[in-house]
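Structural description and commentary
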Amino acid sequence: MVDTTKQQKIKEALENKLSRYFGVAADDASKEQVYKAVILTVKDMLTSGRSAYRKAMKNDKAKRVYYLCMEFLIGPSLRNNLRNLGVAEEYAEVLGAMGYDINEIYTMDRDPGLGNGGLGRLAACFMDSLTTLDYPATGFSLCYEYGLFKQKIIDGDQVEMPDVWMPSGEGWLVPRTDKTFAVRFGGKLSERWEDDHLNIVHTDYDEVQAVPYDMMISGYDSFAVNNLRLWKAHDITNFNMKLFTQGQYMQAVKQNTDAETITKVLYPSDDHMEGKILRLNQQYFLVSASLQNIIADHLAVYGNLSNFAEKNSIHINDTHPALCIPELMRIFMDTYSFSWESAWDIVTNTVSYTNHTVLPEALECWNEDLFRLRLPRIHQIVCEINRRFCADLWNLYPGDWDRISRMSIIANGSVRMANLSVVGSHTTNGVSALHSEILKQTVFHDFYKMTPDKFTNVTNGIAHRRWLCFSNPELAKLLDETIGADYRKNPQALSAFAKYVSDAQVIDELRAIKHHNKERFAQKYRSVTGGAIDTHAIFDVQVKRMHEYKRQLLNVLKIVSLYDELLANPDLDIKPQTFIFGGKAAPGYYFAKEIIKLIWCLGKDIEKHPKIREKLRVIYLEDYNVSTAEILMPATDISEQISLAGKEASGTGCMKFMINGALTLGTLDGANVEMAEAVGRDNIYIFGLTAEEVDDLWKRGYNSMLYYKTNTRLKATIDRIAKGFNGEDFTNIVNYFLGNGRIADPYMCLADFESYVKTAQTAVDDYSDRETWTKRSLLNIAAAGRFASDRSIGEYAENIWNLKPVKE
């Protein structure tokens, strides 16, 4: 119900902003001016809430958590903030009276270029839940000027364009030039003893200014307003006036340009030395600026650092911010004259670490020479951490050189960031039950045997308000009418929806909602591409970062097999299916780009056959992002979560699909295992090898050629790929499956093919019974509350951070 008092205040606030900032009356304002005025008024509300919350934090002397992550994939903020603040309807009325549809204003809100995939989306969900649950929290990341990249697909090739999001997206940012910090790179070190204390003298360094830009984070019906602080790199001290006066303009600003490169792009390509240096610079820039900020804030409240660990938790999300361990040591020792022992005690009682991968190539290692060159003091400290740790290991395991070598932070010319993260943290967690067990049994087995109490699990979760309540308003309305609105703040209350599984009216409504969402996505797709989609077809969706282990290629094998059948018999009676892909390949990941091209060309090849395209479509969504996901996920029928068992840490896309009523087709990997437990094996489509069977098959000797030679359908499918699609050759992908000078099929697509195809066909057959399918969809929605990030954050707060909410 619209609050007329709020409505009048909003109207007056908008008119004031339009007059003050743009010099226009409401009747004369452009849509762009109205959009910016809306943002300004929302920021005023958030600022007021932030001020009240900070005052309560200060009075309570509350412990705070600082969440460091290289990316925050937050998505557009306007709708989220209006819904969280409970003023969406009032703004809709005011804007409507001005002649604007609020949905049109929403579409003007850009996806900020601050993240890429699951890591950044998880961080964004966690900030949402931390704020909704009134926990005092600050997120730290970088303010990337051009994001990861804007993806264009041109004739099947991924082309990376700069993501120019700042002109329209920076309205949510608040520059805080009063909170700048200096970060040093390179240079030389010397030692000087003074008053029985060793002083480290750092000279000839490059200094970069870290300037913070704040994005306020609202919570749903909460007291808290938290902050995401994004650092931007500047060099304001090295402008060479003499060179500029001489007309050497580029040389005059070179140092400033070099410094600002640090925050130009997320995850720059690191297949060359310059890219590696830039990534290392980015990571150190993030942690140094953030830690200086955290310590300054702590001193402003308490005046000393003796209670630092008691009042602060610093969480490193994956290994990118792992340098906060030696950097915190550096600040405590070099700036505040702590002894090594005292500093280490504070650090190891403050820092906690979440691991997100078991893939060896994703467990970051830095070349030690490069590390020493760019971060000489940090290198010294890491060497000393390693020396002391290895001495402890020698006392525990005398003579066990292999174990000590595996656990060492520095070995064979490499600095191992995952090992540093475990050694320097008080808790290390995985992100699903399976993943956490795999960490203990494989990647961190030696560490687990040494300190078993350090390891725990916190299964990932999603911001269910954004991904259900705001992205699927018709479903949210049905839930409000059936089980009440309590689930919006208490996601476990979704379980009450299961009692409606035999209610014919609810089942009919749920089925109608799904179809409306499919029509909504089809409309969006048409507006962007001009293409049409059959909304009565099954929407089978696999949208995620492009990577071999996520096995988009297994999905392709299934589609090619089906395409082959239709080429042989175009009149084959099958349920129409539309396969939807989306996701970006890292710029230097050329094989992933080749997979994108295969999918795109396969889709184009199918389009050449009018009779077949009525039954089979393949669509690749260009520049897939949060905005697209918010429309696609409620429209999805089948969610593809098909990574090789034991490779996906958790996944959160699977949870977003589940809470919107899609049925999962997946392996027993990551969070799929717990989803199957929650919803029951009758309501999820599980196929393929288990993690244990994968390990056993590797040990026995996996031979992909054996599957190729003994499975007629699989052989025909791969042979069909060998012929190419849309005039393009894909021999390299055939060789990937079968060998030819490389490890064949490293993610066992061929081993899982038969089970996958049969299980997928079972799902398609089951879809024909729409009533039973919709009942299963309902049960998935009812079981999804367990996978809300509110539950995840509650576990972090209680079991890892020892954090309490701050209330009014």
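The rules we used
Residues numbered from 1 in each chain as written. Predicted model: local features only at pLDDT ≥ 70, side-chain atom pairs only at ≥ 80, totals over all residues. Heavy atoms only, no water. Helix = DSSP H or I, 4+ residues; strand = E, 2+ residues; numbered from the N terminus. Rg over C-alpha atoms; globule rule 2.2 N^0.38 Å. Contact = heavy atoms within 4.5 Å. Lys, Arg positive; Asp, Glu negative; His and termini not counted. Charge placed at Lys NZ, Arg CZ, Asp CG, Glu CD. Pairing = 2+ DSSP bridges. Buried < 20%, exposed > 50% of the residue type's maximum accessible area, 1.4 Å probe, protein only. Salt bridge = Lys/Arg side-chain N within 4 Å of Asp/Glu carboxyl O. Axes fitted to C-alpha atoms, helices over the stretch in contact; angles between N-to-C directions. Parallel < 35°, antiparallel > 145°, perpendicular 65-115°, else oblique. Left-handed = near helix turned anticlockwise from the far one by under 90°. Nonpolar A, V, L, I, M, F, W, Y, C, P; charged D, E, K, R; others polar. Core = buried A, V, L, I, M, F, W, Y, C linked by side-chain atoms within 4.5 Å. Polar contact = N/O pair within 3.5 Å; in protein donor to acceptor, adjacent residues only side chain to side chain. Phe/Tyr/Trp six-rings, centres within 6.5 Å; stacked < 30°, edge-to-face > 60°. Expected span 1.5 Å × (residues − 1). Right-handed = clockwise from strand over helix to strand, strands pointing away.

Quick notes on the overall build of the chain
Assigned secondary structure in the chain consists of 36 helices and 23 strands. Computed over its C-alpha atoms, the radius of gyration of the chain comes to 27 Å, within 12% of the 28 Å expected for a compact globule of 808 residues. Referenced to the eigenvectors of the C-alpha coordinate spread, the extents of the chain come out at roughly 90 × 75 × 60 Å. Within the chain, contacts between residues separated by at least 24 positions form 76% of all contacts whose residues are at least 6 apart in sequence. One way to put it: in the chain the 92 positive side-chain charges average out to a point 1 Å from where the 105 negative ones average out.

Overview of the sheet that holds strand S15 (residues 414-416)
Read across the open sheet, the 3 strands follow the order S13-S15-S14; overall the sheet is antiparallel. Edge positions in the open sheet fall to strand S13 (365-367) and strand S14 (410-411), since each of these has one partner strand only. Alignment of S13 against S15, held across 3 bridges, turns out to be antiparallel. Each bridged residue has a counterpart across the sheet, and for Cys365 the counterpart in S15 is Arg416.

Some points on the side chain of Thr428
By the element assignment, Thr428 lies in strand S16 (residues 427-430). Residue classification places Thr428 among the buried residues on the basis of a relative accessible area of 0%. Once residues within four sequence positions are removed from consideration, Thr428 is found in contact with Tyr353, Val422, Phe444, Lys454, Phe455 and Thr456.

Quick notes on unusual backbone geometry
A positive phi is found at Asp623, a non-glycine position, where the angle reads about 55°. You can see Asp623 is positioned in the loop between strand S20 (616-621) and helix H27 (626-632). For Asn802, which is not glycine, the phi dihedral falls at a positive 50°. Position of Asn802 relative to the elements: it lies in the segment after helix H36 (789-801).

What to know about the pattern of salt bridges
Here the structure, examined in full by the defined rule, presents 55 salt bridges. With a shortest N-O distance of 3.8 Å, Arg176 and Asp214 are connected by a salt bridge. Here Asp214 lies in strand S9 (residues 206-218) and Arg176 lies in the loop between strand S5 (174-175) and strand S6 (181-185), a separation of 38 residues in the sequence. Linking Asp508 and Arg511 is a salt bridge whose minimum nitrogen-to-oxygen distance equals 2.9 Å. Separated by 3 residues within a single helix, Asp508 and Arg511 lie in helix H23 (residues 504-529), roughly one turn from each other. Residue Asp508 is classed as partly exposed on the basis of its relative accessible area, which comes to 43%. One salt-bridge network, held together by shared partners, links Arg176, Asp178, Asp214 and Arg229.

So, the packing of helix H2 (residues 31-60) against helix H3 (residues 78-85)
Where H2 contacts H3, the two axes come as close as 11 Å, and the packing angle between them is 45°. Taken together, the axis directions place H2 and H3 in an arrangement best described as oblique. The handedness of the crossing between H2 and H3 comes out as left-handed. Residues Tyr35, Val38, Val42, Met45 and Leu46 of H2 touch H3, and the partners they reach there are Leu78, Asn81, Leu82 and Leu85. Taken together, the residues that form the contact of H2 with H3 break down as 8 nonpolar, 1 polar and no charged.

Section: the pairing of strand S11 (residues 312-317)
Most of S11 is tucked away, with 6 of its 6 residues classed as buried. Residues Asn312, Ile314 and Ile316 point to one face of S11 and Ser313, His315 and Asn317 to the other, with burial holding for every one of them. As paired elements, strand S1 (residues 64-68) and S11 share 5 bridges and run parallel to each other. Opposite Val65, over in S11, you have Ser313 as the bridge partner. Sheet topology note: the S11/strand S12 (residues 351-354) ladder contains 4 bridges and is parallel.

A word on the sheet that holds strand S21 (residues 638-641)
On the basis of which strands lie adjacent, the open sheet formed by 6 strands has the order S20-S19-S18-S21-S22-S23 and parallel pairing. On the outer flanks of this sheet lie S20 and strand S23 (685-686), each paired with one strand and no other. Pairing of strand S19 (residues 577-582) with S20 involves 6 bridges; the strand directions are parallel. Bridging from a neighbouring strand, Ile580 pairs with Ile619 of S20. Contacting S19 and S20, helix H25 (residues 590-607) runs over the sheet at an angle of about 140° to S20.

Focus on the nonpolar core
As a rule of thumb, nonpolar side chains are buried together in soluble globular proteins. Phe285, Ile314, Phe737 and Leu750 are the most contacted members of the largest nonpolar core, which totals 208 residues. Setting aside anything within four residues of it in sequence, one finds Phe737 in contact with Leu553, Leu557, Ser704, Ile718, Ile721, Ala744, Asp745, Cys749 and Leu750.

Here we look at the side chain of Ser643
Structurally, Ser643 can be placed in the loop between S21 and helix H28 (653-659). In this structure the side chain of Ser643 is engaged in a polar contact, spanning 2.6 Å, whose partner is the side chain of Asp669. Other than its neighbours up to four places away in sequence, Ser643 contacts Tyr549, Lys550, Arg551, Glu648, Thr667 and Asp669.

As for the environment of Leu602
Within the secondary structure, Leu602 is located in helix H25. A residue is classified by how much of its surface remains accessible, and Leu602, at 1% relative accessible area, is buried. Sequence separation between Leu602 and Met705 is 103 residues, and the spatial gap between their C-alpha atoms is 24 Å. With residues near it in sequence (within four places) discarded, Leu602 still touches Val556, Ile559, Val560, Tyr563, Val618 and Phe725.

Side note on the packing of aromatic side chains
Considering all chains together, one arrives at 29 aromatic pairs under this definition. Between Phe126 and Tyr796, the ring centres sit 5.5 Å apart and the planes meet at 65°, which makes this aromatic pair edge-to-face. Placement of the pair is Phe126 in helix H6 (residues 118-132) and Tyr796 in helix H36, with a sequence separation of 670 residues. Both residues of the pair, Phe126 and Tyr796, belong to the buried class. Relative to Trp231, the ring of Phe140 lies with its centre 6.2 Å away and its plane at 10°, an arrangement referred to as stacked. Of this pair, Phe140 sits in strand S2 (residues 137-142) while Trp231 sits in strand S10 (residues 225-234), and the two are 91 residues apart along the sequence. Comparing Phe140 with Trp231 shows no difference in burial state: the two are buried.

Here's the deal with helix H13 (residues 324-335)
Taking 1.5 Å per residue as the helical rise, H13 with its 12 residues ought to reach 16 Å, and the 15 Å between its terminal C-alpha atoms agrees with that figure. With 10 of its 12 residues buried, H13 lies for the most part within the structure. Every buried residue of H13 is accounted for by Cys324, Ile325, Pro326, Glu327, Leu328, Met329, Arg330, Ile331, Phe332 and Met333. After H13 finishes, the residue Ser337 shows a positive phi value of roughly 60°.

Quick notes on the pairing of S19
Residues in a regular strand project their side chains so that they alternate between the two faces of the sheet. Burial analysis of S19 places 6 of its 6 residues in the buried class, which makes it a mostly covered element. Taken together, the 6 bridges between strand S18 (residues 538-543) and S19 define a ladder with parallel strand orientation. Residue pairing for S19: Asp540 is matched across the bridge by Phe579. In the classification by handedness, the crossover that spans S18, the intervening helix H24 (residues 552-568) and the parallel S19 is right-handed.

Remarks on the environment of Asn490
By the secondary structure assignment, Asn490 is in the loop between helix H22 (473-483) and H23. Residues Asn490 and Val159, spaced 331 residues apart in sequence, show a C-alpha to C-alpha distance of 43 Å.

Concerning the packing of H22 against H23
Two elements in contact, H22 and H23, have axes whose closest approach is 9 Å; the angle formed by their N-to-C orientations is 160°. Compared by their axis directions, H22 and H23 come out roughly antiparallel. Our pair here, H22 against H23, has a crossing hand that is right-handed. Contacts between H22 and H23 involve Glu474, Leu475, Leu478, Glu481 and Thr482 from the former and Val506, Glu509, Leu510, Ile513 and His516 from the latter. Of the residues belonging to the contact of H22 with H23, the class tally is 5 nonpolar, 2 polar and 3 charged.

Nothing here speaks to function; it is all geometry.
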